[in-house]
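As a plain string of letters, each chain reads:
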Protein chains: 4
Amino acid sequence: MADRGTEKRSALVVGAGDATGGAIARRFAREGYVTVCTRREAASLEPLLERIRADGGEAHGFGSDARVEEDVVNLFNTIEEKLAPLEVVVFNIGANVNFPIRETTSRVYRKVWEMAAFAGFLAGREAARVMAPRGHGTIIFTGATASIRGGSGFSAFSGAKFALRSLAQSMARELGPQGIHVAHTIIDGAIDTEWIAKNFPQRHALKSQDGILNPEHIADAYWMLHSQPRDAWTHELDLRPWMEKMA
Amino acid sequence: MADRGTEKRSALVVGAGDATGGAIARRFAREGYVTVCTRREAASLEPLLERIRADGGEAHGFGSDARVEEDVVNLFNTIEEKLAPLEVVVFNIGANVNFPIRETTSRVYRKVWEMAAFAGFLAGREAARVMAPRGHGTIIFTGATASIRGGSGFSAFSGAKFALRSLAQSMARELGPQGIHVAHTIIDGAIDTEWIAKNFPQRHALKSQDGILNPEHIADAYWMLHSQPRDAWTHELDLRPWMEKMA
Amino acid sequence: MADRGTEKRSALVVGAGDATGGAIARRFAREGYVTVCTRREAASLEPLLERIRADGGEAHGFGSDARVEEDVVNLFNTIEEKLAPLEVVVFNIGANVNFPIRETTSRVYRKVWEMAAFAGFLAGREAARVMAPRGHGTIIFTGATASIRGGSGFSAFSGAKFALRSLAQSMARELGPQGIHVAHTIIDGAIDTEWIAKNFPQRHALKSQDGILNPEHIADAYWMLHSQPRDAWTHELDLRPWMEKMA
Amino acid sequence: MADRGTEKRSALVVGAGDATGGAIARRFAREGYVTVCTRREAASLEPLLERIRADGGEAHGFGSDARVEEDVVNLFNTIEEKLAPLEVVVFNIGANVNFPIRETTSRVYRKVWEMAAFAGFLAGREAARVMAPRGHGTIIFTGATASIRGGSGFSAFSGAKFALRSLAQSMARELGPQGIHVAHTIIDGAIDTEWIAKNFPQRHALKSQDGILNPEHIADAYWMLHSQPRDAWTHELDLRPWMEKMA
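Residues numbered from 1 in each chain as written. Chains lettered and ligands numbered in written order. Predicted model: local features only at pLDDT ≥ 70, side-chain atom pairs only at ≥ 80, totals over all residues. Heavy atoms only, no water.

### Brief notes about the overall build of chain A
Here is step 1: Along its length, chain A carries eight helices and seven strands.
Here is step 2: Since a compact globule built from 247 residues should have a radius of gyration of about 18 Å, the 17 Å found for chain A is in line with a globular shape.
Here is step 3: Referenced to the eigenvectors of the C-alpha coordinate spread, the extents of chain A come out at roughly 50 × 40 × 35 Å.
Here is step 4: Counting only residues that meet the buried cut, chain A has 62% of its 247 residues in that class.
Here is step 5: Across chain A, the fraction of contacts at a sequence separation of at least 24, relative to all contacts at a separation of at least 6, is 70%.
Here is step 6: Accessible surface, chain A: about 9100 Å² in total, of which carbon and sulfur atoms supply 49%.
Here is step 7: One way to put it: in chain A the 29 positive side-chain charges average out to a point 4 Å from where the 30 negative ones average out. (Helix = DSSP H or I, 4+ residues; strand = E, 2+ residues; numbered from the N terminus. Rg over C-alpha atoms; globule rule 2.2 N^0.38 Å. Buried < 20%, exposed > 50% of the residue type's maximum accessible area, 1.4 Å probe, protein only. Contact = heavy atoms within 4.5 Å. Areas by Shrake-Rupley, 256 points an atom, 1.4 Å probe, with all protein chains shown as cover. Lys, Arg positive; Asp, Glu negative; His and termini not counted. Charge placed at Lys NZ, Arg CZ, Asp CG, Glu CD.)

This is how it looks when you write it as structure tokens:
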């Protein structure tokens, strides 16, 4: 990341959920970025936007279906034309499901791919479209253990995550020499979310010993990736709690 | 592969093109399998079916769109009900394209995934459906260098190939302990096809020094995979010409 | 492997133990190779040599310390000058130990490397020396799960196995284009050996359901690798029982 | 890294050369660590120690042969007894050589392993010895492209680097759950060193466009790794210039 002077710049988080995506959005807002958050339902973004604004940041929320090309193209155009040039795009949509192969419906297989891979392609391509002519910018894709290992029952989730990882590699090889930093993370462990707290209370209890990932720390890692000078870029970063068994 | 006695068994090649898929089909026919070949256009299968029959084999061809669930389910049902129990399923559809990321249309990205990953999921799942209750069978997915490396311009092709590889891993982990051999190949190099001969004549000229893959030899490898006893199964097999630079 | 006519050729198995190495030696002897077996103690080779001869094969045994350069150079010279040109060299020495890092002595760490990596380098280099001028030959290194995964307590064993794998890659990239087939296997599971029978009887009992690797089947795979035509070479081959959890 | 209060702590850089190792040592000194630097020749450390002291840091230099167990054990004992508890150990010795396999002497093969793998084992084991009872600490091993790819001619260098990487994995799996952060870096590209400036002037000229790695930025990455909270540890970090072709 080079110094871009005092002009306003924007950071987009596609899939700004309550935990990781939200923490990333707040982190970039804190660093002075015009922060744009999307989820399918605009209304669900309100608490996050309010929190960012209460902390003194600038935040904009859009209800946008990340799987719908027109929505995504319009979103990027709106940000570029109305808000500020995009310097950072984070794609953070997952769709973790597990079914035995014979019980994996084509609907599930397709939908998981649309959410976690096709939507990543749309966001990544649009990011490339606006960043490449400027010769700088950062694009980060959120991966998981399923990005590097096809576990039993994970044909749908892992299929999408492998595809997203190959997208990150392909884009890095093409866009790196054009000045754009493309990175992929591998989050290997449970994250401190309401969903984990509710569905895996024992797992969540490990929080007291730092046994699950704190979204704020994931956000720090994303900020670090964006902050790397271009002579020393990281393409793939794994993050896991100290107690977690390495995949 | 255990000895299955004298009952008739079938082998299905989804994507039985002129080169690799055709050679695989002929190989299994030669070993006595009722061989079933599919392509989108049934008519284009005729030369292959005739060649198998001329060699004394039993061959059946179906025009079937591998991306259409109903087609695939019907295909498997027809084979099981009318022909012979499926012992081998080979998924052999590729869709090698290369576009800079900004010129990769959502239509291309989706179509390549549908052909090379979603269709693989449908074939794999249906194979699991008929094989799992019997506790034996072989499922082979054809991969490429793009299955393990996201090269520049390959976001669509590599995305589909990575997804297919994760499918193979996921199914192997689930179905191996159920007696089903799931394997994935990595074909790393040009194959001796009419398409290569026409479009890359210099490359094709390497044939005289064994510099491109002979489809018959790929077929031998597939037969070998199927023939492995279940105490010594290979999950992933790479194949490349001696002159080829290792990816 | 091209047809080499009727001239005698030799196959060397460095580390021709009772199970895997012995089975590989018998396999190549059965195919007509002058088979050369080495272990540190020549006397321990006698049962294997007798068995090969009883089966009609030609076998020679040498007591040779695979870690001692002079021994290895002399061995290759003796074979080339007195027996027959080396067409196949298999390196099959392992040294599976597990110690917590703090209890891993420098002596163990060094010794395991000398047996499983340095000795592999010596055998591989000497094989290259005699094969490269002829432009053909096969060199196979036996690996394990520890070749691709550094498990807890395996710093010594995995360190040696990773090194051996990198040797295989490096030699394949250099020697492949010179006509020499360099391959690496990943044996992922217990092998049917006396040692397993004695020390892991429960594991060995899985033999009745093909749950452990039969050395004869490993030998078949090595023969298959050597038999591959040079337009379709495999560099890395994994082998595991159907019941085995994929690493 | 948890807050350790105000007690003095030490950071050891094994292989504190002029560029990367030196920059890492200066970085940790700047953060308040009692910094210990080693090279084979103590005298060659003087400029670095003086620079650290001039910047207000505390630095100690030891001539120590990292391949000699007694030296390494004594070094760790001296630091722990005379200076301050070790909180950070960085192993930074490389030995990049390239020879065709037939020209790789056993002396070179062994020496490169002793410098880049065996010495890493000694440093890592001793670090584990002093850190494990305390339940915290950071151990970082410096890797390279050769750590994940056995290139032609790199049998010795890559063999050592693969071994070092497996050591990092093995130690991470054992020591992570004991509170010790073990990380491995993959430096993929030329570093701005005098050696590169002298031997690869064209490559070095890329410095003007950030085309080679700045040692200060590598040092920042090492500090970042050490600073990660234990719920979000990175095990493997790649670093490469934007212009560099991804391996």
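From this point on, the discussion continues.
### Description of the pairing of strand 6 (residues 180-187) of chain A
All names here are of chain A.
Here is step 1: Here strand 6 lies mainly inside the structure; eight of its eight residues are buried.
Here is step 2: Of the two faces of strand 6, the one lined by I180, V182, H184 and I186 and the one lined by H181, A183, T185 and I187 are each fully buried.
Here is step 3: Relative to strand 6, strand 5 (residues 137-144) is paired through eight bridges, and the arrangement is parallel. Bridge pairing in strand 6 places A144 opposite I187.
Here is step 4: Sheet topology places strand 6 next to strand 7 (residues 236-239); four bridges connect them, and they run parallel. When the bridges of strand 7 are listed, I187 appears paired with L239. (Pairing = 2+ DSSP bridges.)

### What to know about the packing of aromatic side chains
Here is step 1: All chains considered together, the criterion is met by 48 aromatic pairs over all chains.
Here is step 2: Consider the rings of W113(A) and Y109(B), whose centres lie 6.0 Å apart with planes at 10°: the pair is stacked. Taken together, the residues span two chains, with W113(A) in helix 4 (residues 106-131) and Y109(B) in helix 4 (residues 106-131). Grouping residues by exposure puts W113(A) and Y109(B) together as buried.
Here is step 3: What links up through ring pairs into an aromatic cluster is the set Y109(A), W113(A), F118(A), F121(A), Y109(B), W113(B), F118(B) and F121(B).
Here is step 4: A cation sits over an aromatic face here: R110(C) above F118(D), 4.5 Å from the ring centre. (Phe/Tyr/Trp six-rings, centres within 6.5 Å; stacked < 30°, edge-to-face > 60°. Lys NZ or Arg CZ within 6 Å of the ring centre and 35° of its normal.)

### Observations regarding the interface of chain B and chain A
Here is step 1: Each partner contributes to the interface: chain B provides 42 residues, whereas chain A provides 42 residues.
Here is step 2: Summing both partners gives a buried area of about 3500 Å² for chain B against chain A, and 59% of it is carried by carbon and sulfur.
Here is step 3: Linking chain B with chain A are two salt bridges, by the criterion used here.
Here is step 4: Residue R110(A) pairs with E114(B) through a salt bridge whose shortest N-O separation is 2.9 Å.
Here is step 5: Counting every contact that joins chain B to chain A gives 22 residue pairs in polar contact (both at pLDDT 80 or more).
Here is step 6: If you list the elements that add at least two residues to the side of chain B that touches chain A, you get helix 4 and helix 5 (155-175) of chain B.
Here is step 7: In terms of residue class, the side of chain B that touches chain A is made up of 18 nonpolar, 14 polar and ten charged. (Buried area = accessible area lost by both parts, 1.4 Å probe. Salt bridge = Lys/Arg side-chain N within 4 Å of Asp/Glu carboxyl O. Polar contact = N/O pair within 3.5 Å; in protein donor to acceptor, adjacent residues only side chain to side chain. Nonpolar A, V, L, I, M, F, W, Y, C, P; charged D, E, K, R; others polar.)

### What to know about the relation of the copies chain B and chain A
Here is step 1: For the pair chain B and chain A, the best superposition has an RMSD of 0.0 Å and corresponds to a rotation of 180° with a translation of 0.0 Å parallel to the axis. What we have between these two chains is a two-fold relation.
Here is step 2: When the interface residues of chain B are mapped onto chain A, 100% of them again fall at the interface, so both copies present the same face. (Least-squares fit on C-alpha atoms with pLDDT ≥ 70 in both.)

### Considerations on the environment of E81(A)
Here is step 1: With respect to the element layout, E81(A) can be found in helix 3 (residues 69-83).
Here is step 2: The exposed category is assigned to E81(A), whose relative accessible area is 62%.

### Section: the pattern of salt bridges
Here is step 1: Counted under the stated rule, the structure contains 68 salt bridges over all chains.
Here is step 2: R125(A) is the salt-bridge partner of E126(A), the closest N and O atoms lying 3.1 Å from each other. Side by side, E126(A) and R125(A) carry an identical accessibility label, which is buried.
Here is step 3: The residue E31(C) makes a salt bridge to R27(C) at a minimum N-O spacing of 2.3 Å.
Here is step 4: With a relative accessible area of 33%, E31(C) lands in the partly exposed category.
Here is step 5: In this structure R27(C) comes out as buried when scored by relative accessible area, which is 12%.
Here is step 6: Counted as one network, the salt bridges with shared partners bring together E69(A), R125(A), E126(A) and R129(A).

### Some remarks on the side chain of R27(B)
Residues and elements named next belong to chain B.
Here is step 1: Looking at the element boundaries, R27 is found in helix 1 (residues 20-30).
Here is step 2: Reaching out from R27, the side chain makes a polar contact with the side chain of E31 at a distance of 2.3 Å.
Here is step 3: Ignoring sequence-local partners within four residues, the contact set of R27 consists of A219, D220 and W223.

### Some points on unusual backbone geometry
Leaving glycine aside, a negative phi is the common case for residues, and trans is the common case for peptide bonds.
Here is step 1: Positive phi outside glycine occurs at D210(A), with the angle close to 65°.
Here is step 2: Secondary-structure assignment places D210(A) in the loop between helix 7 (201-205) and helix 8 (215-227).

### Let's talk about the side chain of S155(C)
Here is step 1: Here S155(C) lies in helix 5 (residues 155-175).
Here is step 2: Ignoring sequence-local partners within four residues, the contact set of S155(C) consists of I101(C), T104(C), Y109(C), F121(D), S166(D), L167(D) and S170(D).

### Description of helix 5 of chain C
Here is step 1: Look at helix 5 of chain C: 29 Å from first C-alpha to last across 21 residues, which is about the 30 Å you get at 1.5 Å a residue.
Here is step 2: Judged by how many residues are buried, helix 5 of chain C sits mostly within the fold: 21 of 21 residues are covered. (Expected span 1.5 Å × (residues − 1).)

### Here we look at helix 3 (residues 69-83) of chain B
Residues lying three or four places apart along an α-helix face the same way, a consequence of the helix completing one turn every 3.6 residues.
Residues and elements named next belong to chain B.
Here is step 1: In a regular helix each residue adds 1.5 Å, so 15 residues correspond to 21 Å; helix 3 covers 20 Å between its end C-alpha atoms and thus fits that length.
Here is step 2: For helix 3, the complete set of buried residues consists of V72, L75, F76 and I79. The arc enclosing the buried residues of helix 3, seen along the axis, measures out at 90°, which places them on a common side. When the buried face of helix 3 is taken as reference, the exposed residues oriented beyond 90 degrees from it are E70, E81 and K82. (Arc of directions from axis to C-beta.)

### Topic: the environment of H60(D)
Residue and element names in this part refer to chain D.
Here is step 1: Topologically, H60 is positioned in strand 3 (residues 59-63).
Here is step 2: Apart from the residues within four sequence positions on either side, H60 is in contact with V34, T35, V36, C37, L49, R53 and L83.
Here is step 3: A polar side-chain atom of H60 sits 2.8 Å from a polar atom in the side chain of E58.

### Some points on the packing of helix 4 (residues 106-131) of chain C against helix 4 (residues 106-131) of chain D
Here is step 1: Running from N to C, helix 4 of chain C and helix 4 of chain D point in directions that differ by 150°, and their axes come no closer than 11 Å. If you check the angle between helix 4 of chain C and helix 4 of chain D, you find them roughly antiparallel. Remark: the crossing between helix 4 of chain C and helix 4 of chain D carries right-handed chirality. Facing S106(C), Y109(C), R110(C), W113(C), E114(C), A117(C), F118(C), F121(C), L122(C) and R125(C) of helix 4 of chain C, the residues of helix 4 of chain D in contact are S106(D), Y109(D), R110(D), W113(D), E114(D), A117(D), F118(D), F121(D), L122(D) and R125(D).
Here is step 2: For the contact of helix 4 of chain C with helix 4 of chain D, a count of residues per class yields twelve nonpolar, two polar and six charged. (Axes fitted to C-alpha atoms, helices over the stretch in contact; angles between N-to-C directions. Parallel < 35°, antiparallel > 145°, perpendicular 65-115°, else oblique. Left-handed = near helix turned anticlockwise from the far one by under 90°.)

### Considerations on the packing of helix 1 of chain B against helix 2 (residues 46-54) of chain B
Residues and elements named next belong to chain B.
Here is step 1: The N-to-C vectors of helix 1 and helix 2 enclose an angle of 25°; their axes lie 10 Å apart at closest approach. Comparing their axes, helix 2 and helix 1 come out roughly parallel. Where helix 1 crosses over helix 2, the handedness of that crossing is right-handed. Facing G22, A25, R26 and A29 of helix 1, the residues of helix 2 in contact are L48, R51 and I52.
Here is step 2: Along the lines of polarity and charge, the residues of the contact of helix 1 with helix 2 split into four nonpolar, one polar and two charged.

### Some thoughts on the environment of I212(D)
Here is step 1: As for its placement among the helices and strands, I212(D) is situated in the loop between helix 7 (201-205) and helix 8 (215-227).
Here is step 2: Sequence separation between I212(D) and T78(D) is 134 residues, and the spatial gap between their C-alpha atoms is 37 Å.
Here is step 3: Setting aside anything within four residues of it in sequence, one finds I212(D) in contact with D231(A), A190(D), I191(D), D192(D), R203(D), H204(D), L206(D), K207(D) and P241(D).

### Topic: the pairing of strand 2 (residues 34-39) of chain B
All names here are of chain B.
Here is step 1: For strand 2, the tally of buried residues reaches five of six residues, placing the bulk of the element in the interior.
Here is step 2: Pairing between strand 1 (residues 10-14) and strand 2: five bridges, direction parallel. Counterpart to V14 in the pairing with strand 2 is T38.
Here is step 3: Each parallel crossover has a hand, and the one from strand 1 via helix 1 to strand 2 is right-handed.
Here is step 4: In this region the chain leaves strand 2, passes through helix 2 and returns to the parallel neighbour strand 3 (residues 59-63); the handedness of that crossover is right-handed. (Right-handed = clockwise from strand over helix to strand, strands pointing away.)

### What about the confidence of the model for chain A?
Here is step 1: Per-residue pLDDT for chain A averages 96, and the proportion of residues at 70 or more is 98%.
Here is step 2: Note on the complex model: pTM 0.97, ipTM 0.96. (pLDDT = per-residue confidence, 0-100.)

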